[in-house]
Amino acid sequence: MSAVNTSEDVTKGTMTSPDANHMSEGNSKVKTQSVFGKVADLVHRWFVDPPESKLDNAIAKSAEEDFAREVVFMNYNVNRFWLSDDWKAMKERCPNVANWTEEQLGKFSWNERVPRITRAILANGADFVALEELRKLKTSNVYSLLADPEIDDRYRFIEFVSNGTALCMTHGLLYDYRNWFLRGQRIEWLSDTPGWPSHFGEKSFGRVVGVADFYPVEDGKIIVTQEPLTVAVAHLDVFPESLKHEQVGAMRKLFEDQTTFVLLGDMNFFDDCEGGAMRESMEETFQNLGKEARFSQSKKVATRTFVPYSYEQRYEQLKETDSVLDHIFASHDNVERVGEAWLDTRTHCDGEEPAELSDWDAMPSDHMPLCVRTRVQFEGWDDEASSSQASSSKD
């Protein structure tokens, strides 16, 4: 499975050197971002008013009129961070698994769960899959999730790293490169200074929102629209509630002016705490596309997205887990939900599926995938807009 910095085909969403995969992780990211920025500017300027002599060789074209596309989004906290395969290290760092038996540990190991997580991703057919609680380990890294050939044939992967501490969690975003071109990517820090590595207070190790911009791809060509589709991935702190309120405010401020925008993530909105108030705050700025999502098998309205493993609750502070933690928000403009959102309640085990949520320990993760189908509207370049853009580009 390739990350975003390795590809031979521009429609697969990359424009960096094939040698980038052999660079250090940090240098690779810097190179990817700088190249994307330059290429994105060239794409905008060149294809709005392209030289006629090169039209036959164009890998992109400007959208001549407005159009809409159905897009499926999925959010999935895959619990890679807590239940990994480096058990010696995790027992030392995570008191909640210190007393687990070898059988208990093995049942929830990453290698045991990853085939079912892969099946869940493929079964729901999403264009974009946001992943939370990823973490690279010395003995096993997050890319093992993407080893399935069907995943590799469809998706490319972006990783948003927050910091380099031992317990660093990262976000990931899978995107269907057959239908989407990655224009650029960045991270925003959830703080008063989002452009600089920072956080709110001493109880946060630094949370980021990963952001990526995409153009549609059609018949192998990039369709350059007036605004790209912006997809963001977030994972808020578990507690304290005051810190999450600040993070919610930061996200609203960051993205309130976005017009073609979708934000996915594990927001940790616990309804027995102040989760309801935070959700309402987000809904003042964004659409809640996952509102009243239904369980995929029973079609009942979901009252939870979190499935606690039965051996032990993760935190003593969280007594009530009947809460909607995972969310998909969107701008009020240009994004419309189609039908009902759904939570995939299947275990994706071999053989017959158990009754819905009857065997929590059989679930691939302690979160269920939240999915929604949308219709995204894109603005084309009419004559006036095209002339204006071409004139500003020449200036």
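Residues numbered from 1 in each chain as written. Predicted model: local features only at pLDDT ≥ 70, side-chain atom pairs only at ≥ 80, totals over all residues. Heavy atoms only, no water.

So what's going on with the pairing of strand E2 (residues 67-77)? Which residues, and what values?
With eight of its eleven residues buried, E2 lies for the most part within the structure. Sheet analysis places E2 next to strand E3 (residues 128-134), joined by five bridges and oriented parallel. Among the inter-strand pairings, Met74 is bridged to a residue of E3, identified as Val129. (Buried < 20%, exposed > 50% of the residue type's maximum accessible area, 1.4 Å probe, protein only. Helix = DSSP H or I, 4+ residues; strand = E, 2+ residues; numbered from the N terminus. Pairing = 2+ DSSP bridges.)

Could you give an account of the side chain of Asp127, naming the residues involved and the relevant values?
Inspection of the secondary structure assignment puts Asp127 in the loop between helix H4 (110-124) and E3. Despite its burial, Asp127 remains without a salt bridge, the nearest opposite charge being carried by Arg154 at 5.1 Å. Here Trp180 takes part through its side chain, which lies 3.2 Å from a polar atom of the side chain of Asp127. Discounting chain neighbours no more than four positions away, the residues touching Asp127 are Glu70, Val71, Val72, Arg154, Tyr155, Leu174, Tyr175, Asp176, Asn179 and Trp180. (Lys, Arg positive; Asp, Glu negative; His and termini not counted. Salt bridge = Lys/Arg side-chain N within 4 Å of Asp/Glu carboxyl O. Polar contact = N/O pair within 3.5 Å; in protein donor to acceptor, adjacent residues only side chain to side chain. Contact = heavy atoms within 4.5 Å.)

Talk me through helix H6 (residues 241-255); I want residue IDs and the actual numbers.
For H6, which comprises 15 residues, the first-to-last C-alpha distance of 21 Å matches the rise-based estimate of 21 Å (1.5 Å per residue) to within 8%. Along H6, the residues classified as buried are Glu241, Leu243, Lys244, Gln247, Val248, Ala250, Met251 and Phe255. Contact partners of the buried residues in H6: strand E7 (208-218), strand E9 (229-235), strand E10 (261-266) and helix H7 (275-283). (Expected span 1.5 Å × (residues − 1).)

How would you summarise the nonpolar core if you had to cite specific residues and measurements?
In this structure, Phe73, Phe128, Leu173, Phe214 and Leu229 are the most contacted members of the largest nonpolar core, which totals 34 residues. Ignoring any residue separated from it by four or fewer positions in sequence, one finds Phe214 in contact with Phe128, Ile158, Leu173, Tyr175, Trp180, Phe181, Leu182, Arg183, Pro228, Leu229 and Val231. Met74, Leu146, Ile151 and Tyr155 belong to the second largest nonpolar core, which has 21 residues in total. (Core = buried A, V, L, I, M, F, W, Y, C linked by side-chain atoms within 4.5 Å.)

Requested: an account of the packing of aromatic side chains, with residues and values cited.
According to the stated counting rule, one finds nine aromatic pairs in the structure shown. Measuring from centroid to centroid gives 5.5 Å for Phe73 and Phe128, while their planes differ by 15 degrees, and the two rings are stacked. Here Phe73, found in strand E2, pairs with Phe128, found in strand E3; they are 55 residues apart in sequence, far enough to count as distant. The exposure class of Phe73 is buried, given its relative accessible area of 0%. Pairing Phe255 with Phe261 gives two aromatic rings, centres 4.7 Å apart and planes at 20 degrees, and the pair type is stacked. Its relative accessible area of 2% is what places Phe255 among the buried residues. Site record: aromatic cluster; members linked through ring pairs are Phe67, Phe73, Phe128, Tyr175, Trp180, Phe214 and Phe378. Against the face of Trp180 rests Arg69, its NZ or CZ located 5.0 Å from the ring centre. (Phe/Tyr/Trp six-rings, centres within 6.5 Å; stacked < 30°, edge-to-face > 60°. Lys NZ or Arg CZ within 6 Å of the ring centre and 35° of its normal.)

Outline the confidence of the model for the protein, listing residues and values.
Residue-level pLDDT values for the protein average 78, and 68% of them are 70 or greater. Confidence drops under a pLDDT of 50 for residues 2-34, and excluding neighbours within four residues, the segment shows 60 contacts in the predicted structure. Within the model, pLDDT remains below 50 along residues 45-54, and this stretch shows 20 contacts once partners closer than five positions in the same chain are excluded. (pLDDT = per-residue confidence, 0-100.)

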